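Letter by letter, the chains look like this.
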Amino acid sequence: MSNLTVPLPAAPRPAGLADAFFDRDAQTLAQDLLGKVIRHRVGDLWLSARIIETEAYYCEEKGSHASLGYTEKRKALFLDGGHIYMYYARGGDSLNFSAQGPGNAVLIKSAYPWVDEVSGPASLAQMLLNNPDAQGRPRPSQKLCAGQTLLCKALGLKVPVWDAKRFDHDVLLVEDTGPAPSHIIQTTRLGIPHGRDEHLMYRFVDAAYAQWCTRNPLRRGQVEGRDYVLLP
């Protein structure tokens, strides 16, 4: 009998999108990010979530941080497409990617936990530990990343670590794992104060995951053509 052991096959290495992918119009980028998977390596685990909701922002419109002008804190918004812009919202961390043109960006509004050969059950278990509910209990996995700060908490993403950085494909990346959404819902953004271009339909939702995003655009009372449009 041989005393040789056969090593287990290594887990596939994720392949991140090139910076050039992000150097496009903010609305185009916001739509094309739907269905992509954010991966953050923590120790030996890749924590992963599928993007299901995004919001586009432009420098010239009043809803954007960039419209308030350049500051050192907002510098990532004015850098080339593919820079990471993070800030605090409601006491939590929020994740954005710069797009084409100074001051333009996409906010990753919500996501859905992703389990595959790279990110297995142990990764999901760690995400559940990262983001318990207010009573310290595990959240339902469907709601684990259902909001911009919940997403960052589940993935372990922090403002001081990643703000104004490029992607590091050994630690943080966005990957194209397969088919794009069959349908995309376009609607107004959330949390925009009155008088700051709150009417602009710059929020995009993967229709198949609408019930798990920050606010379901297909909820009762919403009217197609008035409150949202369904893109092919």
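Residues numbered from 1 in each chain as written. Predicted model: local features only at pLDDT ≥ 70, side-chain atom pairs only at ≥ 80, totals over all residues. Heavy atoms only, no water.

Caption draft 1: Layout of helix H3 (residues 148-155). Considered for burial, the residues of H3 that qualify are Gln148, Leu151, Cys152, Ala154 and Leu155. Considered in projection along H3, the buried side chains sweep an arc of 165 degrees and stay on one side of the axis. Buried residues along H3 sit against strand E1 (37-42), strand E2 (45-57), strand E3 (84-89), strand E4 (92-98), strand E5 (105-113) and helix H2 (121-130). Taken from the residues just after H3, Gly156 is the one with a positive phi, measuring 75 degrees. (Buried < 20%, exposed > 50% of the residue type's maximum accessible area, 1.4 Å probe, protein only. Helix = DSSP H or I, 4+ residues; strand = E, 2+ residues; numbered from the N terminus. Arc of directions from axis to C-beta. Contact = heavy atoms within 4.5 Å.)

Caption draft 2: Examining the side chain of Lys36 more closely. Locating Lys36 in the fold gives a position in the loop between helix H1 (26-32) and E1. Lacking a salt bridge, the buried Lys36 has Asp176 as its closest oppositely charged neighbour, with an N-O distance of 4.4 Å. Not counting the four nearest positions on each side in its chain, Lys36 is found in contact with Leu17, Phe21, Ala49, Arg50, Ile51, Val174, Glu175 and Asp176. (Lys, Arg positive; Asp, Glu negative; His and termini not counted. Salt bridge = Lys/Arg side-chain N within 4 Å of Asp/Glu carboxyl O.)

Caption draft 3: Spatial organisation of the nonpolar core. Counting residues in each nonpolar core, the largest one holds 41 residues, and the members touching the most others are Phe22, Leu33, Ile38, Leu95, Phe97 and Ile108. Those residues in contact with Leu95 that sit more than four places away from it in its chain are Ile38, Ile84, Tyr85, Met86, Val106, Leu107, Ile108, Cys152 and Leu157. Listed in part, the 10 residues of the second largest apolar core include Tyr85, Tyr87, Ala105 and Leu107. (Core = buried A, V, L, I, M, F, W, Y, C linked by side-chain atoms within 4.5 Å.)

Caption draft 4: How the structure looks around the pattern of salt bridges. Applying the stated criterion across every chain yields a total of 13 salt bridges. In this structure, Glu175 engages Arg39 in a salt bridge whose closest nitrogen and oxygen atoms are separated by 2.6 Å. Remark: Arg39 occurs in strand E1 and Glu175 occurs in strand E6 (residues 172-175); sequence separation between them is 136 residues. Comparing Glu175 with Arg39 shows no difference in burial state: the two are buried. In this structure, the salt-bridge partner of Arg166 is Asp80, at a minimum N-O distance of 4.0 Å. Of this pair, Arg166 sits in the loop between helix H4 (159-162) and E6 while Asp80 sits in the loop between E2 and E3, and the two are 86 residues apart along the sequence. Taken together, the salt bridges that share partners define one network made up of Asp19, Asp80 and Arg166.

Caption draft 5: Region of the structure containing the packing of aromatic side chains. Counting across every chain of the model gives 8 aromatic pairs. Both rings, one in Phe21 and one in Phe22, keep their centres 5.3 Å apart while their planes meet at 80 degrees; by these two values the pair is edge-to-face. Across this residue pair, the class does not change: Phe21 and Phe22 are buried. These aromatic residues form a ring-pair network of at least three members: Phe21, Phe22, Phe97 and Phe167. One Lys or Arg, Arg24, reaches over the ring of Phe21 and ends 4.4 Å from the middle of that ring. (Phe/Tyr/Trp six-rings, centres within 6.5 Å; stacked < 30°, edge-to-face > 60°. Lys NZ or Arg CZ within 6 Å of the ring centre and 35° of its normal.)

Caption draft 6: Inspection of the environment of Ala26 at higher detail. Here Ala26 shows up in helix H1. Considered as a pair, Ala26 and Leu231 are 205 residues apart in the sequence and their alpha carbons are 17 Å apart. Beyond its immediate chain neighbours, meaning those up to four positions away, Ala26 contacts Ala56, Tyr57, Tyr58, Ala99, Asn104, Ala105 and Val106.

Caption draft 7: Region of the structure containing the state of the cysteines. Applying the stated criterion across every chain yields a total of 0 disulfides. Here Cys145 stays free of any disulfide, with the sulfur of Cys152 as its closest cysteine sulfur at 9.4 Å. Owing to a relative accessible area of 1%, Cys152 belongs among the buried residues under this scheme. (Disulfide = S-S within 2.5 Å.)

Caption draft 8: Spotlight on the environment of Ser64. Structurally, the position occupied by Ser64 is in the loop between E2 and E3. The exposure class of Ser64 is buried, given its relative accessible area of 3%. Between the C-alpha atom of Ser64 and that of Gly103, which follows or precedes it by 39 residues, the distance is 8.2 Å. The residues touching Ser64, leaving out its near neighbours within four places in the chain, are Tyr57, Tyr58 and Cys59.

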